[in-house]
Structure formats: structure tokens, C-alpha cells
Amino acid sequence: MREILVVLYDLLFILASFYFLLKYFLRGRINKEIFKRLQTPDLSSYLQDKKKPIWLHAVSVGEVASLEELINSLKRNFPQYPLLLSTITSQGKELGEKLYKDRVFIFYLPLDLSFIMKRVVSTISPEIFIGAETEIWPN
């Protein structure tokens, strides 16, 4: 039953994506960063022979800014764990790069499609996942 729901969700997500991409394209509001959300982040150089990472997720600017004390605390208390920060918006990614520079690997959270998210979670294989705010995506 779960597999059927996942397939239905993926199909609805894809159909809705085509609709919104077309809508944004016609309005001239396509953000080239959206295509980066179709990729698995390349973490190979960042995670070389390190422990499993701590993965933090912040949707956009407000959540990224709110993680500053937590990131400082994690770096201070658990320096052996690499930190990853995923975000959805370009403004959130820009702020993360500005605030956390060399302390955190920052990337776009891929689109919520089962085949993409399975690959990303498998690649990252985090020790722990911390969401800055409750935003639930089924996959």
C-alpha cells in the first residue's frame, strides 16, 4: 500500500511541477537554481574519511539565520562530525554561505521525489537529521 501511495505522490508532484514550471516560465520567473534541486549533492571531497555527518535543514532565510547558535554549538562540542545544511531557496543558500562559510557544506534540498530522495539520503547517510522547522514532505 505504501508503495502505491509513493508512486501516486510522485506522479502528482511531477504533474504539479510541470504546471508550475510552465506558469513561471511564461511569467519570466524561472529560477535556474531549480535545476540544482534535481541533483544529488557532491559530498565526496567534503566527507573524505570523516564520520557520518550531522544534516541540518532550513527552508529559507529565517530558518538559516536561526541555526547560527546551534551550528556554533555543534562545531564546538562535536568537531569530528561534518555539518551539512540543506535549504530550498537561493536566498537561504546565499545567507548560509555568508554566515557559515567553511564550517558547513551547504546545498539545495533536492525535489521531494522518492527516487531522488532515496539516493540523497543514502549518499549522505547522516548520523542525525535536524529540521529547523516542521515542514513535512512525504518522501
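Keep in mind that what you see is a predicted model, and the values were worked out from it rather than measured. (Residues numbered from 1 in each chain as written. Predicted model: local features only at pLDDT ≥ 70, side-chain atom pairs only at ≥ 80, totals over all residues. Heavy atoms only, no water.)

Caption draft 1: Molecular detail of the overall build of the protein. Along the backbone of the protein there are 5 helices and 4 strands. Ordering the α and β elements of the protein from the N terminus gives α-β-α-α-β-α-β-α-β. Looking at the protein as a whole, 35% of its 139 residues are labelled buried. If you sum the accessible surface of the protein, you get close to 8900 Å²; carbon and sulfur atoms cover 60% of it. (Helix = DSSP H or I, 4+ residues; strand = E, 2+ residues; numbered from the N terminus. Buried < 20%, exposed > 50% of the residue type's maximum accessible area, 1.4 Å probe, protein only. Areas by Shrake-Rupley, 256 points an atom, 1.4 Å probe, with all protein chains shown as cover.)

Caption draft 2: Structural detail: a nonpolar patch on the surface. On the surface, M1, I4, L5, V7, L8 and L11 cluster together into a nonpolar patch covering about 620 Å² of accessible area. With respect to the helices, strands and loops of the structure, V7 is situated in helix α1 (residues 2-26). (Patch = residues over 30% accessible without salt bridge, like charges linked within 9 Å, V, L, I, M, F, W, Y side chains within 5 Å. Salt bridge = Lys/Arg side-chain N within 4 Å of Asp/Glu carboxyl O.)

Caption draft 3: Region of interest: the pattern of salt bridges. In this structure the tally under the stated criterion is 2 salt bridges. When the shortest N-O distance is used, the salt bridge between R76 and E69 registers 3.8 Å. Taken as a pair, R76 and E69 share a single burial class, namely exposed. The residue E97 makes a salt bridge to K93 at a minimum N-O spacing of 2.6 Å. One end of the pair is E97 and the other is K93, both in helix α4 (residues 90-100) and 4 residues apart, which spans about a single turn. Residue classification places K93 among the buried residues on the basis of a relative accessible area of 17%.

Caption draft 4: Focus on unusual backbone geometry. In this model, S125 sits at a positive phi of 45 degrees, which is unusual for a non-glycine residue. Relative to the elements of secondary structure, S125 occurs in the loop between α5 (114-124) and β4 (128-131). A relative accessible area of 27% places S125 in the partly exposed class.

Caption draft 5: Geometry of the confidence of the model for the protein. Looking at the protein as a whole, its pLDDT mean stands at 84, while 89% of the residues score no less than 70. Per-element averaging of pLDDT across the protein places α1 at the bottom with 78 and helix α3 (residues 68-77) at the top with 96. (pLDDT = per-residue confidence, 0-100.)

Caption draft 6: Geometry of the sheet that holds strand β2 (residues 83-87). Spatial strand order, β3-β2-β1-β4: 4 strands in an open sheet with parallel pairing. Looking along the sheet, the strands with just one partner apiece sit at the ends: β3 (105-108) and β4. On average, each strand axis in the sheet is inclined to that of its neighbour by 20 degrees, with strand direction left out of account. Judged from the 4 bridges that link them, strand β1 (residues 54-57) and β4 form a sheet pairing that is parallel. Paired with L56 across the strands is I130, a residue of β4. Strands in contact with α4 are β2 and β3; relative to β3, the strand with the most contacts, it is inclined by about 175 degrees. (Pairing = 2+ DSSP bridges. Axes fitted to C-alpha atoms, helices over the stretch in contact; angles between N-to-C directions. Contact = heavy atoms within 4.5 Å.)

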